[in-house]
Amino acid sequence: MNSDICGNGNHNTKKVNKDGSQEDGPYRQRPKVQILMSTYNGEEFVREQLDSILAQSYPDVDILIRDDGSKDDTFVILKEYEERHSNIRAYQGENIGVNKSFFELLKKRNPNAAYIGFCDQDDYWLPEKIDRAAEQLERLSGPALYCGAKTLADENLEPFKNQQNPHRIPGFGNAVIESICSGCTLLMNRELADIIADRLPEDVIHHDWWCYMAASYLGSMYYDENSYIYYRQHGGNEVGASASFWSQIKAKARDLKKRHGDLKKQLSDFKRFYHTDPEKDALVEEILRAEKFPGRFTILFHKKWYRQSRLDNWVVRGLFLFNRML
């Protein structure tokens, strides 16, 4: 059963439950999908990732790859694949970091592709991944984004016992303070891709977080609780899997404090590019005002922003109170 969560006006936020998968019928003519991959020193796993994309059940997929100045044999491997597969194009640039690398790819995307996705260099995609995402986007109108759960796995693609996917409703109130949209699961339609590519910030916390904010601000967001990807964790560490309650609080606070100042920059940039929805604009303003009193106090009781867990919500409110969030 699917559960649809409607926002204000024509903005829709949708969520599919774990029992909501559907079987595909015979193939019909499907629009082109382009996958954008950024690589950096990824020679160990990039072949496996590319093979899993080439094995997708979706019939029309192109792959555009930008190597971010690798010093190993990653680019050599990419050119080998390019020579063997007509739907792969790879080029190398200087090292500019993952966010700017993906944004550059977005600017170079195929204008004829109906759907655009991001891809890491070291994961493994199940054959139906693109098909499921495109199927949901075909049902949405206006700027739209699909993202979903992922299966955390070790270097050998053995799934962890404890998975960490969100189980709350996605939406702009979440996007301003947290991203549940992992780029490796993301697929957006051309309308959203065009808007984002025309309003690229100088720097963000994460490129996929920026896409999540834009989609939930402008149009439709579909979160799929089903996982069609093995998200490889190098070293096999499970964050917080066996930690005590207080250890989890300390770990979460430490992680959030690392980005002290970054959220303010990201929201300030977003405010500059997106300012057509008074209610959502007001939420961004109220969060930015939390840098000083009395905003630092009033944001604690604001109900329109939320993170995906109760623990995170309490930790973040504490960081706001002591001015360690912005």
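The preceding data block contains the structure.
The paragraphs below set out a description of the structure included in this document. (Residues numbered from 1 in each chain as written. Predicted model: local features only at pLDDT ≥ 70, side-chain atom pairs only at ≥ 80, totals over all residues. Heavy atoms only, no water.)

### Things to note about the overall build of the protein chain
Here is the rule: What counts as a helix is a DSSP run of H or I of at least four residues, what counts as a strand is a run of E of at least two, and both are numbered from the N terminus. Note on classification: 1.4 Å probe, protein chains only; a residue is buried when its accessible area is under 20% of the maximum for its type, exposed when over 50%, partly exposed between these limits. The contact criterion used is simple: two residues touch if any of their non-hydrogen atoms lie within 4.5 Å. Per-residue accessibility takes into account occlusion by the displayed protein chains alone, with areas from the Shrake-Rupley method and a 1.4 Å probe.
When its secondary structure is counted, the protein chain shows 12 helices and 10 strands. Taking all 326 residues of the protein chain together, 52% fall into the buried category. Considering only residue pairs separated by 6 or more positions, the protein chain has 80% of its internal contacts joining residues 24 or more positions apart. With the model as given, the accessible surface of the protein chain reaches about 15,600 Å², and the carbon-plus-sulfur share is 48%.

### Some points on the packing of helix H1 (residues 46-54) against helix H2 (residues 74-84)
Angle between the axes and distance between the axes are the two parameters that describe a pair of packed helices. Rules: For helices, the fitted line uses only the C-alpha atoms of the stretch in contact; every axis is such a line through C-alpha atoms, and the angle between N-to-C directions lies from 0 to 180 degrees. Here roughly perpendicular refers to angles of 65 to 115 degrees, roughly parallel to angles under 35, roughly antiparallel to angles over 145, and oblique to all remaining angles. Less than a right angle of anticlockwise turn of the near helix away from the far helix marks a crossing as left-handed, whereas a clockwise turn marks it as right-handed. Residues are sorted three ways: Asp, Glu, Lys and Arg are charged, Ala, Val, Leu, Ile, Met, Phe, Trp, Tyr, Cys and Pro are nonpolar, and all the rest, Gly among them, are polar.
In contact at an axis separation of 10 Å, H1 and H2 are set at 25° when each is read in the N-to-C sense. Relative to H2, the element H1 lies roughly parallel. Between H1 and H2 the crossing geometry is right-handed. Within the contact between the two elements, H1 uses Val46, Arg47, Leu50, Asp51 and Leu54 and H2 uses Ile77, Leu78, Glu80 and Tyr81. Grouping the constituent residues of the contact of H1 with H2 by class yields 6 nonpolar, no polar and 3 charged.

### What about a nonpolar patch on the surface?
Definition in use: Like charges within 9 Å and nonpolar side chains (Val, Leu, Ile, Met, Phe, Trp, Tyr) within 5 Å are joined into patches, using only residues over 30% in relative accessible area that form no salt bridge. Salt bridges are defined as contacts in which a side-chain nitrogen from Lys or Arg sits within 4 Å of a carboxyl oxygen from Asp or Glu.
On the surface, Phe293, Phe297 and Phe301 cluster together to form a nonpolar patch covering roughly 370 Å² of accessible area. Structurally, the position occupied by Phe301 is in the loop between helix H11 (295-298) and helix H12 (310-321).

### Some words on unusual backbone geometry
A cis amide bond links Phe293 with the next residue in sequence, Pro294, at an omega value of 5°. Inspection of the secondary structure puts Pro294 in the loop between helix H10 (278-288) and H11. Although it is not a glycine, Asn41 sits at a positive phi angle of roughly 45°. Relative to the helices and strands, Asn41 resides in the loop between strand E3 (33-39) and H1. Overall, Asn41 belongs to the partly exposed group, its relative accessible area being 34%. Positive phi is not limited to glycine here, since Leu157 has a value of about 65°. Following the sequence through the fold, Leu157 ends up in the loop between strand E8 (144-153) and helix H5 (172-175). Judged by its relative accessible area of 15%, Leu157 is buried.

### Notes on the pairing of strand E4 (residues 61-67)
The condition is simple: Two strands qualify as a pair provided that DSSP identifies no fewer than 2 bridges between them. A crossover counts as right-handed when, viewed with the strands pointing away from the observer, the path leading from the first strand over the helix to the second turns clockwise.
In terms of burial, E4 is a largely internal element, 7 of the 7 residues being buried. Here E4 shows two buried faces, one formed by Val61, Ile63, Ile65 and Asp67 and the other by Asp62, Leu64 and Arg66. Two elements, E3 and E4, share 7 bridges in a ladder whose sense is parallel. When the sheet's bridge partners are listed, Ile35 is paired in E4 with Ile63. In the classification by handedness, the crossover that spans E3, the intervening H1 and the parallel E4 is right-handed. Relative to strand E5 (residues 88-92), E4 runs parallel, the two sharing 5 bridges. Each residue of the ladder has a partner; that of Asp67, found in E5, is Gln92. With H2 bridging E4 and its parallel neighbour E5, the resulting β-α-β unit is right-handed.

### So, helix H7 (residues 207-218)
In plain terms, the rule: The span one expects for a helix is its residue count, reduced by one, times 1.5 Å.
Over its 12 residues, H7 extends 17 Å from the first C-alpha to the last, a length consistent with the 16 Å expected when each residue adds 1.5 Å. Judged by how many residues are buried, H7 sits mostly within the fold: 12 of 12 residues are covered. Listed as buried for H7 are His207, Asp208, Trp209, Trp210, Cys211, Tyr212, Met213, Ala214, Ala215, Ser216, Tyr217 and Leu218.

### Digging into empty space enclosed by the protein
Over the atoms, a rolling probe the size of a water molecule traces out where space has been left empty. Convention followed: A 1.4 Å probe that fits into a set of points on a 1 Å grid over the protein atoms alone but cannot get out defines a cavity; an open set with protein on both sides within 12 Å along at least five of seven lines defines a pocket, and lining residues are those with an atom within 4 Å of a point. Grid points are joined across faces, edges and corners, and a volume is the space filled by probe spheres set on the points.
Going through the model one piece at a time under the given rule, you end up with 3 cavities of 30 Å³ or more. Here the second largest cavity is characterised by a volume of approximately 50 Å³. Forming the walls of the second largest cavity are Lys129, Tyr146, Gly148, Ala149, Thr185, Asn226, Tyr228 and Ile229. Among the secondary structure elements, those contributing two or more residues to the lining of the second largest cavity are E8 and strand E10 (220-232). Residue composition of the lining of the second largest cavity, by class: 4 nonpolar, 3 polar and 1 charged.

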